[in-house]
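Fold and geometry: a report
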Amino acid sequence: MMKDKLALAINEQIQAEFQSAYLYLAMSAWCAQANLPGCAHWLRLQWQEETMHATKLFDFVHSRGGAAHLKALDEPKSTYTSLVSVFESVREHEIYITSRINALYELAVNEKDYPLQIILQWYINEQVEEEATVMEIIERLKMVGGDGPSIYLFDRELATRTLQSTTSGQG
Ligand code: OFO
């Protein structure tokens, strides 16, 4: 049985992961409208990944005798000025999520909750991958600049992304 304060903190992280999913789905909608189907696909898979991140914690709380209490989500931002600003927002959001995961891990260490520490190690690795992946996308987009044919090829490449599992997933 886990401590109430830990169950509460995990529930807040479940909300943050679902909020991430919602944000990325809104970005996917923006890309679809901007005739960037590959980027829309990439962000839609990101929505699915974030949903899996949330449900992985959802299942963990229940496996420890706690309960998930789902909270309301905020309306996500839905307008962007450019494709690079979309991915810069992804990066900014992932940095925020990393800080949350690190704080949760610190709490698990202070409260001596070893199973929580172990599951959070997966999230810590995931955050490293997610930040690196989005940084690479931003760098490439900056190189491409406003060149239409290059953006077309970039978009086609993002269309090839496939969904990873929650045990080995890459953001
Ligand atoms: Fe759940 O990793 Fe992104 O937010």
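Heads up: the structure comes first, above all this text.
Right, let's walk through the structure included here.

Right, let's get into the overall build of the protein chain. Counting secondary structure elements, the protein chain contains five helices and zero strands. On C-alpha atoms alone, the protein chain measures out to a radius of gyration of 17 Å, which is about the 16 Å that the 2.2 N^0.38 rule sets for 171 residues. When its C-alpha atoms are laid out on the principal axes, the protein chain stretches across 55 × 25 × 25 Å. Across the 171 residues of the protein chain, 44% fall into the buried class.

In this section: the environment of Ile-138. Considering the arrangement of structural elements, one finds Ile-138 in helix α4 (residues 114-144). Sequence separation of Ile-138 and Ser-85 is 53 residues, and the distance between their C-alpha atoms is 8.9 Å. Setting aside residues no more than four positions away along its own chain, Ile-138 makes contact with Val-84, Phe-87, Glu-88 and Arg-91.

Of note in this structure, Asn-35 is not a glycine but carries a positive phi near 60°. Mapped onto the elements of the fold, Asn-35 is located in the loop between α1 (4-33) and α2 (37-63). Relative accessible area serves as the criterion here: at 66%, Asn-35 is assigned to the exposed category. Not every positive phi belongs to a glycine, and Lys-112 is a case in point at roughly 55°. As for its position among the elements, Lys-112 is in the loop between α3 (83-110) and α4.

On to α4. Its 31 residues give α4 an end-to-end C-alpha distance of 46 Å, which sits within 8% of 45 Å, the value for a rise of 1.5 Å per residue. A side-chain oxygen of the first residue of α4 lies 3.0 Å from the backbone nitrogen of Leu-116; this N-cap is Asp-113. Positive phi shows up at Gly-145, right after α4, with a value of about 60°.

Where α2 meets α4, the axes come as close as 12 Å, and the angle between the chain directions of the two elements is 170°. With respect to their mutual orientation, α2 and α4 come out roughly antiparallel. On α4, the residues that touch Trp-42, Gln-46, Glu-49, Glu-50, His-53, Lys-56, Leu-57 and Phe-60 of α2 are Pro-115, Leu-116, Ile-119, Trp-122, Tyr-123, Glu-126, Glu-130, Thr-133 and Ile-137. Looking at the contact of α2 with α4, its residues break down into nine nonpolar, three polar and five charged.

This part covers the pattern of salt bridges. Overall, the coordinates contain six salt bridges when judged by the stated rule. Between Asp-113 and Arg-64 there is a salt bridge, and its shortest N-O distance comes to 3.0 Å. Separated by 49 residues along the polypeptide, Asp-113 in the loop between α3 and α4 and Arg-64 in the loop between α2 and α3 bring together distant segments of the chain. As a salt-bridge pair, Glu-88 and Lys-142 come within 3.6 Å of each other at their nearest N and O atoms. Of the two residues, Glu-88 sits in helix α3 while Lys-142 sits in helix α4, which places them 54 residues apart along the sequence. Salt bridges here are not isolated pairs; linked through shared partners, they connect Lys-3, Lys-5 and Glu-111.

Here, the word disulfide means a covalent bond between the sulfur atoms of two cysteines. Here the structure, examined in full by the defined rule, presents zero disulfides. The structure places no disulfide on Cys-31, whose sulfur is separated from the nearest cysteine sulfur, that of Cys-39, by 5.0 Å. Given a relative accessible area of 0%, Cys-31 falls into the buried group. A relative accessible area of 0% places Cys-39 in the buried class.

If you trace the backbone, Glu-50 turns up in helix α2. No salt bridge is formed by the buried Glu-50, whose closest oppositely charged neighbour, Arg-161, lies at an N-O distance of 7.7 Å. Engagement of the side chain of Glu-50 in a polar contact is seen with the side chain of His-53, the distance being 3.0 Å. For Glu-50, the residues in contact, after removing those within four places along its chain, are Glu-17, Ser-20, Ala-21, Tyr-24, Glu-94 and Glu-130.

Cut-offs applied
- Residues numbered from 1 in each chain as written.
- Predicted model: local features only at pLDDT ≥ 70, side-chain atom pairs only at ≥ 80, totals over all residues.
- Heavy atoms only, no water.
- Helix = DSSP H or I, 4+ residues; strand = E, 2+ residues; numbered from the N terminus.
- Rg over C-alpha atoms; globule rule 2.2 N^0.38 Å.
- Buried < 20%, exposed > 50% of the residue type's maximum accessible area, 1.4 Å probe, protein only.
- Contact = heavy atoms within 4.5 Å.
- Expected span 1.5 Å × (residues − 1).
- Polar contact = N/O pair within 3.5 Å; in protein donor to acceptor, adjacent residues only side chain to side chain.
- Axes fitted to C-alpha atoms, helices over the stretch in contact; angles between N-to-C directions.
- Parallel < 35°, antiparallel > 145°, perpendicular 65-115°, else oblique.
- Nonpolar A, V, L, I, M, F, W, Y, C, P; charged D, E, K, R; others polar.
- Salt bridge = Lys/Arg side-chain N within 4 Å of Asp/Glu carboxyl O.
- Disulfide = S-S within 2.5 Å.
- Lys, Arg positive; Asp, Glu negative; His and termini not counted.

That is the geometry; function is a separate question.
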